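Chain and residue survey
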Amino acid sequence: MKQDLIVILDLGSTENTVIARQIRSLGVYSEIHPHDITAEELKAFDNVKGIILNGGENRIVNGQAVEIRTELYELGFPMLSIDYPQAKCEEQFCGIPGDEVLKKFIFEECGAQANWNMKNFIEDQVELIRQQVGDKKVLLALSGGVDSSVVAAMLIKAIGKQLVCVHVNHGLMRKNESESVVKVFRDELHANLIYIDASDRFLGKLENVADPEEKRKIIGSEFIRVFEEEAGKLEGIDFLGQGTIYPDIIESGTKTAKMVKSHHNVGGLPDDLKFQLVEPLKQLFKDEVRACGVELGLPHDMVYRQPFPGPGLGVRCLGAITRDRLEAVRESDAILREEFAKAGLDKKVWQFFTVVPDFKSVGMKNNARVFEYMVIIRAINTVDAMTATVEKVDWEVLERITDRILSEVKNVNRVCYDMSPKPPATIEFE
Ligand code: XMP
């Protein structure tokens, strides 16, 4: 391993990830582990340089007061305790430590090297993947999203044609999205890529289904079925690549937030698939995943694309999906993206898209009454997608987009701009 490791033990603080990120930004690799980790488990990492006991206000996990195992004190690693109960403040560190405190601990007391960077990370992962996989094959569901694309690029670098990518086009992708996956991975990176156009199959299953959660379920389970069928046709696959990232791991089990929508990602596969997992990004935060993608040579647009829901345009073609409205969502989304890029808004706005509701309104075209659909434009900014504010888009930009949608998109006679923050609205409409 090329990187030194600072271990953060979670004693109930809500600031674990803040500190992990702070340490990584100082160039030293850091991971969060549970408070009850054993000495044996810690010793198994061969690169630990120091331990941070992160208790926050009161060292409580799931309502229980916690302490680390006393055997950990005997390992001899330098330790920094971060607790801030009022009474103890004089003798121990209080609050989130500043860079100076962390630097002194990490570099002087632990003697760690600032050797955490993407180049070393990729070299380490390539070596680990080769050790894990040997001469066997790995299967990967390549959606074209950031995480699966970066995993694919990493696996191609490590094992080349031993990776088999399957891209399922569910017919709910944005304009040219599947084409670009094929172009980048098959034509440029020479991946072993199986492309399946399952549009008709998905749209058939979704016919007359109006309930959003039902639509999500159908898309998710149909995806798994198509993927399993493809996997069944292949021989000698022992591993499954997955784009699990660090927040998926540290959030699982501790999430108490009430479910508003089931965020079923296309690519969330069932446990009973008999494969071992290869998850080379599981230690990375999202911005690090993007940096990794850039270092691996993926195109900027693929790595910095805005979030796109797994069920794709399916949840933006409101109610029961029809081909004409799906086409209107896809075409208007493409126009919006083009015009936002021209106005430089694609780098500024966190997420923007169009939606087509399942009702019509009256209008006039060529002096005749028409009864057609409307396109709603949504453009929002957020930090964590839990709350969001609406982008104040320049009036002229909105007029240009409106003109283009009204003249270029079939079956549309009206364009609206959504002014609703989250809450009470959600970012998507379904
Ligand atoms: P909401 O609509 O809940 O969206 O405010 C928050 C963020 O999550 C995205 N989103 C999804 N992502 N599968 C996904 O992978 C889904 O089913 C899904 N629904 C919403 C949404 O685009 C926004 O970024």
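Description of the structure in this document.

Cut-off values and rules
Residues numbered from 1 in each chain as written. Predicted model: local features only at pLDDT ≥ 70, side-chain atom pairs only at ≥ 80, totals over all residues. Heavy atoms only, no water. Helix = DSSP H or I, 4+ residues; strand = E, 2+ residues; numbered from the N terminus. Rg over C-alpha atoms; globule rule 2.2 N^0.38 Å. Buried < 20%, exposed > 50% of the residue type's maximum accessible area, 1.4 Å probe, protein only. Contact = heavy atoms within 4.5 Å. Areas by Shrake-Rupley, 256 points an atom, 1.4 Å probe, with all protein chains shown as cover. Pairing = 2+ DSSP bridges. Axes fitted to C-alpha atoms, helices over the stretch in contact; angles between N-to-C directions. Phe/Tyr/Trp six-rings, centres within 6.5 Å; stacked < 30°, edge-to-face > 60°. Arc of directions from axis to C-beta. 1 Å grid on protein atoms, 1.4 Å probe; cavity = no way out; pocket = protein on both sides within 12 Å on 5 of 7 lines; lining within 4 Å. Points joined across faces, edges and corners; volume = space filled by probe spheres on them. Parallel < 35°, antiparallel > 145°, perpendicular 65-115°, else oblique. Nonpolar A, V, L, I, M, F, W, Y, C, P; charged D, E, K, R; others polar. Patch = residues over 30% accessible without salt bridge, like charges linked within 9 Å, V, L, I, M, F, W, Y side chains within 5 Å. Salt bridge = Lys/Arg side-chain N within 4 Å of Asp/Glu carboxyl O. Lys, Arg positive; Asp, Glu negative; His and termini not counted. Charge placed at Lys NZ, Arg CZ, Asp CG, Glu CD. Right-handed = clockwise from strand over helix to strand, strands pointing away.

**Describing the overall build of the protein chain**
Counting its secondary structure elements, the protein chain contains 13 helices and 16 strands. Relative to a compact globule of 430 residues, whose C-alpha radius of gyration would be 22 Å, the protein chain shows 25 Å and is just as compact. Taken along the three principal axes of its C-alpha coordinates, the protein chain extends 85 × 55 × 40 Å. Within the protein chain, buried positions represent 50% of all 430 residues. A sequence separation of at least 24 residues applies to 78% of the contacts in the protein chain between residues at least 6 apart. When the accessible area of the protein chain is evaluated, it comes to approximately 21,200 Å², of which 50% is carbon and sulfur surface.

**Focus: the sheet that holds strand β6 (residues 79–83)**
Strands sit in the order β2-β1-β3-β6 across an open sheet of four strands; the sheet is parallel. Of all the strands in the sheet, just β2 (29–34) and β6 have a single pairing partner and so form its edges. The sheet shows a mean angle of 25° between the axes of neighbouring strands, taken without regard to direction. In this sheet, β6 lies alongside strand β3 (residues 48–56) in parallel orientation, the contact comprising five bridges. Across the sheet, residue L53 finds its bridge partner in β6, namely S81. In the packing of helix α1 (residues 16–25) onto the sheet, contacts are made with β1 (5–10), β2, β3 and β6, and the angle to β2 comes to roughly 155°. Set on the sheet, helix α3 (residues 99–109) makes contact with β1, β3 and β6; between it and β3 the angle comes to about 145°.

**Let's talk about the packing of aromatic side chains**
Scanning the entire structure with this criterion turns up five aromatic pairs. Judged by centre distance (6.2 Å) and plane angle (10°), the rings of F223 and F227 are stacked. Linking F223 with F227, this pair stays in helix α8 (residues 212–233), spanning four residues, or about one helical turn. Here the two residues F223 and F227 agree in accessibility, since each one is buried.

**Side note on helix α7 (residues 199–206)**
In an α-helix, one full turn covers 3.6 residues, which means residues spaced three or four apart are oriented alike. Of all the residues in α7, the buried ones are S199, F202, L203 and L206. What you see down the axis of α7 is that its buried residues fit within an arc of 95°, all on one side. Turning to α7, the residues buried within the fold contact β8 (163–169), β9 (192–197), α8 and α12 (323–342). Backbone geometry just downstream of α7 places N208 in the positive-phi region, at approximately 65°.

**Comments concerning the layout of surface pockets**
In this structure, the second largest pocket encloses a volume near 210 Å³. If you go around the second largest pocket, you meet 16 residues; those closest to its centre are N169, G171, M173, R174 and R330. Secondary-structure elements contributing two or more residues to the lining of the second largest pocket are α6 (177–188), α7 and α12. Take the lining of the second largest pocket: its biggest share by element is four residues, from α12.

**Here we look at the packing of helix α4 (residues 118–133) against helix α10 (residues 286–295)**
At a minimum axis separation of 10 Å, α4 and α10 run at an interaxial angle of 80°. Judged on the interaxial angle alone, α10 and α4 are roughly perpendicular. Counting all contacts with α4, which are made through M118, K119, F121 and I122, the residues of α10 involved are E288, A291, C292 and E295. Along the lines of polarity and charge, the residues of the contact of α4 with α10 split into five nonpolar, no polar and three charged.

**Considerations on a negative patch on the surface**
A cluster of acidic side chains, namely D394, E396, E399 and D403, defines a negative patch on the protein surface. Within the secondary structure layout, D403 lies in helix α13 (residues 395–408).

**Digging into the pairing of β1**
A large share of β1 lies buried, amounting to five of its six residues. As judged from the six bridges shared by β1 and β3, these two strands associate in the parallel manner. Looking at β3, one finds that V7 is bridged to I51. For β1 and β2, the ladder comprises six bridges, and the chain directions are parallel. Bridge pairing in β2 links I6 to S30. With respect to chirality, the unit in which β1 leads through α1 into the neighbouring parallel β2 is right-handed.

**Quick look at the sheet that holds strand β7 (residues 137–141)**
Taken together, five strands build an open sheet; the order of strands is β9-β8-β7-β10-β11 and the sheet is parallel. The open sheet terminates on both sides in strands that have one partner only, identified here as β9 and β11 (276–278). Here the strands of the sheet are splayed against their neighbours by 30° on average, with no regard to which way each runs. For β7 and strand β10 (residues 237–241), the ladder comprises four bridges, and the chain directions are parallel. Each residue of the ladder has a partner; that of K137, found in β10, is I237. Against the sheet, α8 contacts β7, β8, β9 and β10, and its axis sits at roughly 155° relative to β7.

**Focus: the pattern of salt bridges**
Taken as a whole, this structure holds 29 salt bridges when the rule is applied. Between E188 and K183 there is a salt bridge; the shortest N-O distance is 3.0 Å. For R330, the salt bridge goes to E327, with nearest N and O atoms at 3.5 Å. You can see R330 and its partner E327 sitting in helix α12, three residues apart, about one turn around the helix. Assessed through its relative accessible area of 36%, E327 is described here as partly exposed.

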